Every structure is written in structure tokens, then in C-alpha cells.
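A look at the structure
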Amino acid sequence: MIDKNVMALRINYNLGDHGWADVHMNHGHQGVDMTVSYLHDTLAEFITAANLLLKGAPDAKVIAMDEPGEHLVHLTSPDRTSLVIEIRWFKDRASWDLVTEKEFEVVFKCDDTILNFSTEIFNNAKRILDKHGMQGYKEKWIKHDFPMGEYNRLKSLLKK
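This text gives an overview of the structure that appears in the document.

Rules used in this analysis
Residues numbered from 1 in each chain as written. Predicted model: local features only at pLDDT ≥ 70, side-chain atom pairs only at ≥ 80, totals over all residues. Heavy atoms only, no water. Pairing = 2+ DSSP bridges. Helix = DSSP H or I, 4+ residues; strand = E, 2+ residues; numbered from the N terminus. Axes fitted to C-alpha atoms, helices over the stretch in contact; angles between N-to-C directions. Left-handed = near helix turned anticlockwise from the far one by under 90°. Contact = heavy atoms within 4.5 Å. Nonpolar A, V, L, I, M, F, W, Y, C, P; charged D, E, K, R; others polar. Phe/Tyr/Trp six-rings, centres within 6.5 Å; stacked < 30°, edge-to-face > 60°. Buried < 20%, exposed > 50% of the residue type's maximum accessible area, 1.4 Å probe, protein only. Polar contact = N/O pair within 3.5 Å; in protein donor to acceptor, adjacent residues only side chain to side chain. Core = buried A, V, L, I, M, F, W, Y, C linked by side-chain atoms within 4.5 Å. Expected span 1.5 Å × (residues − 1).

**Observations concerning the pairing of strand 3 (residues 30-37)**
On a regular strand, one side chain projects to one face of the sheet and the next to the other, so that they alternate. Judged from the eight bridges that link them, strand 2 (residues 20-27) and strand 3 form a sheet pairing that is antiparallel. Along strand 3, the bridge assignment pairs Ala21 with Val36. Connecting the antiparallel pair strand 2 and strand 3 is a turn made up of two residues, with Gly28 showing a positive phi of about 65 degrees.

Next up, the structure:
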């Protein structure tokens, strides 16, 4: 059960230099910073995860690939409304089988709602799109286009 007196999850996703982004997530007094490489399409995965959870999926995962290492954002919904967010740090890329999926450290964990998480993801994606546009996003993110289809699905699900 989520304590309504506790601050909600906040996410700040920013594109940096070509091929890099920074993601900061905080909840109350705890926070985590993740460096994200273009080697993985993390923004698209965050948006897809929000869409899946809003449609009733019990869980979703997002990879935030660094060089080396990666964060795995593990999202679990026990009841289609609340959300448990656990962020695991791997010293190398478990998604590429360079370490096992058991070799991680939990660096962040909180409870939130699917609606708040999804709204945070949408607001970040909208801000990135407004700031950089489709072409600017592609220039900064190199291998990946802005995930417009998934973004529009999320917009529709949130009725924005």
C-alpha cells in the first residue's frame, strides 16, 4: 500500500552529448543517477513499459545501458494500480550475457503508482520531443529515432 504522505516518484531524463543521456529518479529521500548509452533505446523502453503497465501487464523491464555496466529497472504491479520499482546495477551487461542476471546490486527501490510512473515518463518524453524535435533527437541518439508510435499510444492511454 502506498503512503499518500510520501513524495511521489520523480524522473528527470535528459539527452546529453551525442549518444548519451542522464536519468535521475528520486522518491522521498532516496535517488539514483543512471548514465544511458545509445547502444540501447532506453527512452523507447521506458515508454513501452508504461504502456504495458497501463494495459494491465504484471511487470516490465527497462535496460539503461552504460559503458560498461547497466541498470535494470524492474517494474512489478501486484494489483494493476500500484507499482514496485527496483533498480539493479550490473558491473557489466547482463543483457548481453557478460555477467549473470544474479550478479547485481539493488541501488534503488520504492513504491509508486502506475499512473504516476507513466505520467512521469510521458512528461519527460514530451519535454525531450519539444526541446529537440524528431531530427534533433535522431542526431543526439544516433541509432534510434524518437519512439513516436509508442509515445502516441502512451499519450492516448493517459488521455493527454
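Moving on from the model shown.
**Comments concerning the packing of helix 1 (residues 42-54) against helix 3 (residues 148-158)**
If you want to describe how two helices pack, look at the angle between their axes and the distance between the axes. Across the interface, helix 1 lies against helix 3 with an axial gap of 9 Å and an inter-helix angle of 35 degrees. When the axes of helix 1 and helix 3 are compared, the crossing they make is left-handed. Taking contact as the criterion, the partners of Ile47, Thr48, Ala50, Asn51 and Leu54 in helix 1 are, on helix 3, Glu150, Tyr151, Arg153, Leu154, Leu157 and Leu158. Among the residues forming the contact of helix 1 with helix 3, the class breakdown is seven nonpolar, two polar and two charged.

**A word on the packing of aromatic side chains**
Counted according to the given criterion, the structure contains six aromatic pairs. Centroid distance Tyr13 to Phe46: 6.3 Å. Interplanar angle 85 degrees. Geometry classified as edge-to-face. Placement of Tyr13 in strand 1 (residues 10-15) and of Phe46 in helix 1 is noted, with a sequence separation of 33 residues between them. Across the pair, exposure class does not vary: Tyr13 and Phe46 are buried alike.

**A few points about the sheet that holds strand 5 (residues 70-76)**
A sheet is described by the order of its strands in space; here four strands give the open sequence 4-5-6-7, paired in antiparallel fashion. Of all the strands in the sheet, just strand 4 (59-65) and strand 7 (105-113) have a single pairing partner and so form its edges. Across this sheet, the average inter-strand angle for adjacent strands is 15 degrees, counted without regard to direction. Sheet topology places strand 4 next to strand 5; seven bridges connect them, and they run antiparallel. Looking at strand 5, one finds that Ile63 is bridged to Leu72. In the packing of helix 2 (residues 114-141) onto the sheet, contacts are made with strand 5, strand 6 (82-90) and strand 7, and the angle to strand 7 comes to roughly 110 degrees.

**Concerning the side chain of Asn116**
When you line up the elements, Asn116 lands in helix 2. A polar contact of 3.1 Å, which involves the side chain of Asn116, links it to the backbone oxygen of Leu9. Polar contacts involving the side chain of Asn116 include one to the side chain of Arg10, which spans 3.4 Å. Residues in contact with Asn116, not counting those within four places in the same chain, are Ala8, Leu9 and Arg10.

**Some thoughts on the nonpolar core**
Counting residues in hydrophobic clusters, the biggest one holds 39 residues, and the most contacted among them are Tyr13, Met25, Leu75, Ile85 and Phe117. Each residue touching Leu75, except ones within four places of it in the same chain, is listed here: Ala49, Leu53, Pro58, Asp59, Ala60, Val62, Leu83, Val84, Ile85 and Phe117. Grouped together as the second largest cluster of nonpolar side chains are six residues, Ile63, Met65, Ala94 and Val99 included.

**A few points about the sheet that holds strand 3**
In space, the three strands of this open sheet follow the order 1-2-3, with antiparallel pairing throughout. The strands lining the two open edges of the sheet, one partner per strand, are strand 1 and strand 3. Across the sheet, the mean angle separating the axes of adjacent strands is 15 degrees when strand polarity is ignored. In this sheet, strand 2 lies alongside strand 1 in antiparallel orientation, the contact comprising six bridges.

**Thoughts on helix 1**
For helix 1, built from 13 residues, the straight-helix expectation of 18 Å at 1.5 Å per residue is met to within 8% by its first-to-last C-alpha distance of 18 Å. Of the residues making up helix 1, those classed as buried are Thr42, Leu43, Ala44, Phe46, Ile47, Ala49, Ala50, Asn51 and Leu53.

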